[in-house]
Amino acid sequence: MKNLSQWSSNIGFILASAGSAIGLGAVWKFPYMAGTYGGGAFLFIFIIFTLLVGLPLLLSEFILGRYGKTYSTNIFKKVSGKSSFNLIGWLGNLTVFVLFSFYSVIGGWIILYIIRTLLDSVGLTHSNEYGNIFNDYISNPLFALASQFAFIFITVIIVSKGVEKGIEKASKIMMPLLFLSFLIIIIRSVTLDGALEGIQYFLTPKIADLSSKGVLYALGQSFFALSLGTCGMMTYASYLDRKTNIVKSANTIVWMNIGVSIAAGLAIFPAIFAFGLEPNQGPGLLFIILPQVFDQMFLGSLFYLLFLLLFLFAAITSSISLLELNISNITKNNNDYRKKWAYIIGGLVFIFGIPSALSNGLLQNLTFGVGTFFDNMDYLVANILMPIGAFGVTIFVGHIFDKTTIMKELNMQDSKKGRLFVNTWYFLVRFVLPIIIIAVFIGQLL
Ligand code: PFF
């Protein structure tokens, strides 16, 4: 194989996988899911799923990826000799393709808000009709399509240049800055008059508020936010050398992801209650609430602009991993074809994403299944395709992949603590995870 990708350092791998994980899932999707499905109760069950299901799964993808060292439509056969399991890899490719097609719509919204804030800051526009502005923007077909195109285009350019350059360096600066900017927003948000109610709403789980639908969405959210069930994390781990401590890496990524999700909630919910608004506003929540928080701040539009740029960065480090997965499979990891395919796939994603981009305007009345075209794609990915992919991975790692090899890869048999960790993990992957995934699925059907 020619010209293989490889991370230049351990920290590069952690940053890239954390970058894949942390994005629209934690910052945009989590708060509106929590606002729709029970506030604190949703947060509670989301954390349980992330630790109990997400972490073991992430570790499974890392072990398999680093050991298999190949693209995801080949890895299952390479490791087990059984080619039928490569279907899991193919499914993952379909999942990220569909995911990117609507992910880019939201990515485009961030770009629109960046432009708007720039115009605002030079005094060209300013309005306090936060909800109306949002609707005007996203329902305008030209705005929606152009911004979606721009988001895909930026991703294509970065991916066409190869994973190891750029992303690693930029992440080292941007990620900590994103945390910091959240801190500033949180401080402003929780000190608003009437914020306490929002803090309580978000941090006290009232289990009675949880529906079976909420449980399904929480599981889907834990997969979505950790990029699981697509073999994307497996692909990143396949560019890894043997030295990396994958257990530590998985832990770091999971806790960072929980941290950003909680930060996003703490930034938004206190403000929602302080402004006397409703938490169940759906996908527009973040875009409608945050400008109001920044308006209450000294140098608000400057901070808002900074936040949006960091938010865009977080979304792009995730979209890179979406496209990267398709590219690594189509080129069979041969970087000579990377550029050409990055443009082709990017173009196809854009075409397939058009109905999603128009779902809030021209096509908003075209509803079926769970709602608009956009809603259906989101549902299909987070609540059906990702859980099926994740189920496939647990079955493969728990029952097909050779146990001795796994234990060697983990290399933790020397200490008592290590053995306890490994055995617990293996038991979860073998028996508990498949049952939870199926149970939540069936619970939803009933
Ligand atoms: N985890 C990303 C986010 O939360 O924004 C989305 C994602 C990226 C999902 C890559 C799946 C994936 F393979």
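Residues numbered from 1 in each chain as written. Predicted model: local features only at pLDDT ≥ 70, side-chain atom pairs only at ≥ 80, totals over all residues. Heavy atoms only, no water.

Let's talk about the pattern of salt bridges
As enumerated under the stated definition, the model contains four salt bridges in all. Of the charged contacts in the structure, one is a salt bridge between arginine 66 and glutamate 409, with a shortest N-O distance of 3.2 Å. In this pair, arginine 66 sits in helix α3 (residues 40–68) while glutamate 409 sits in helix α17 (residues 403–410), placing the two residues 343 residues apart along the sequence. Neither residue differs from the other here; arginine 66 and glutamate 409 are each classed as buried. (Salt bridge = Lys/Arg side-chain N within 4 Å of Asp/Glu carboxyl O. Helix = DSSP H or I, 4+ residues; strand = E, 2+ residues; numbered from the N terminus. Buried < 20%, exposed > 50% of the residue type's maximum accessible area, 1.4 Å probe, protein only.)

Description of the environment of asparagine 326
Residue position: asparagine 326 is located in helix α14 (residues 300–330). As for asparagine 326 and threonine 95, which are separated by 231 residues in sequence, their C-alpha atoms are 9.9 Å apart. Not counting chain neighbours up to four residues away, the residues in contact with asparagine 326 comprise Asn93, Val96, Phe97 and Ile345. (Contact = heavy atoms within 4.5 Å.)

Considering the packing of helix α6 (residues 130–139) against helix α13 (residues 285–295)
Where α6 meets α13, the closest approach of the two axes is 9 Å, and the angle between their N-to-C directions is 135 degrees. Between α6 and α13, the angle is such that the two are oblique. The element α6 and its partner α13 pack so that their crossing is right-handed. Between α6 and α13, the residues in contact are Tyr130, Gly131 and Phe134 and Phe287, Ile288, Pro291, Gln292 and Asp295, respectively. (Axes fitted to C-alpha atoms, helices over the stretch in contact; angles between N-to-C directions. Parallel < 35°, antiparallel > 145°, perpendicular 65-115°, else oblique. Left-handed = near helix turned anticlockwise from the far one by under 90°.)

Here's the deal with the site of the ligand
Around the ligand, a shell composed of 16 residues is seen, among which Ala21, Gly25, Tyr103, Phe224 and Thr230 lie nearest. One of the backbone nitrogen or oxygen atoms of leucine 24 is found 3.0 Å away from an oxygen atom of the ligand. A distance of 3.0 Å separates an oxygen atom of the ligand from a polar backbone atom of glycine 25. Protein chains shield 100% of the accessible area of the ligand, which is 340 Å² for the free molecule. Looking at the shell around the ligand, the elements with two or more residues in it are α1 (10–21), α2 (24–36), α5 (86–121), α10 (212–225) and α14. Of the residues contributing to the shell around the ligand, the split by class is nine nonpolar, seven polar and no charged. (Near = heavy atom within 4 Å. Polar contact = N/O pair within 3.5 Å; in protein donor to acceptor, adjacent residues only side chain to side chain. Areas by Shrake-Rupley, 256 points an atom, 1.4 Å probe, with all protein chains shown as cover. Nonpolar A, V, L, I, M, F, W, Y, C, P; charged D, E, K, R; others polar.)

As for α14
Here α14 contains 31 residues, and its C-alpha end-to-end distance of 45 Å stays within 8% of the 45 Å for a straight helix at 1.5 Å per residue. The buried fraction of α14 is high, at 25 of 31 residues. Of the residues one or two after α14, lysine 332 is the one with positive phi, at around 45 degrees. (Expected span 1.5 Å × (residues − 1).)

What about the environment of threonine 70?
Position of threonine 70 relative to the elements: it lies in the loop between α3 and α4 (75–80). On the basis of relative accessible area, threonine 70 is assigned to the buried category, the value being 9%. Distance from threonine 70 to serine 147, taken between C-alpha atoms, is 34 Å for residues 77 residues apart in sequence. Beyond its immediate chain neighbours, meaning those up to four positions away, threonine 70 contacts Ile75, Lys78, Ser238 and Asn333. Among the polar contacts listed, one links the side chain of threonine 70 to the side chain of asparagine 74, at a separation of 3.1 Å.

A closer look at the nonpolar core
Ranked by internal contacts, the top residues of the largest apolar core, which has 151 residues, are Phe182, Phe287 and Phe307. Looking at this core, the element that brings in the most residues is helix α12 (residues 246–274), giving 17 residues. Excluding residues within four positions of it along the chain, phenylalanine 182 makes contact with Val27, Val260, Ala263, Ala264, Ala267 and Phe307. (Core = buried A, V, L, I, M, F, W, Y, C linked by side-chain atoms within 4.5 Å.)

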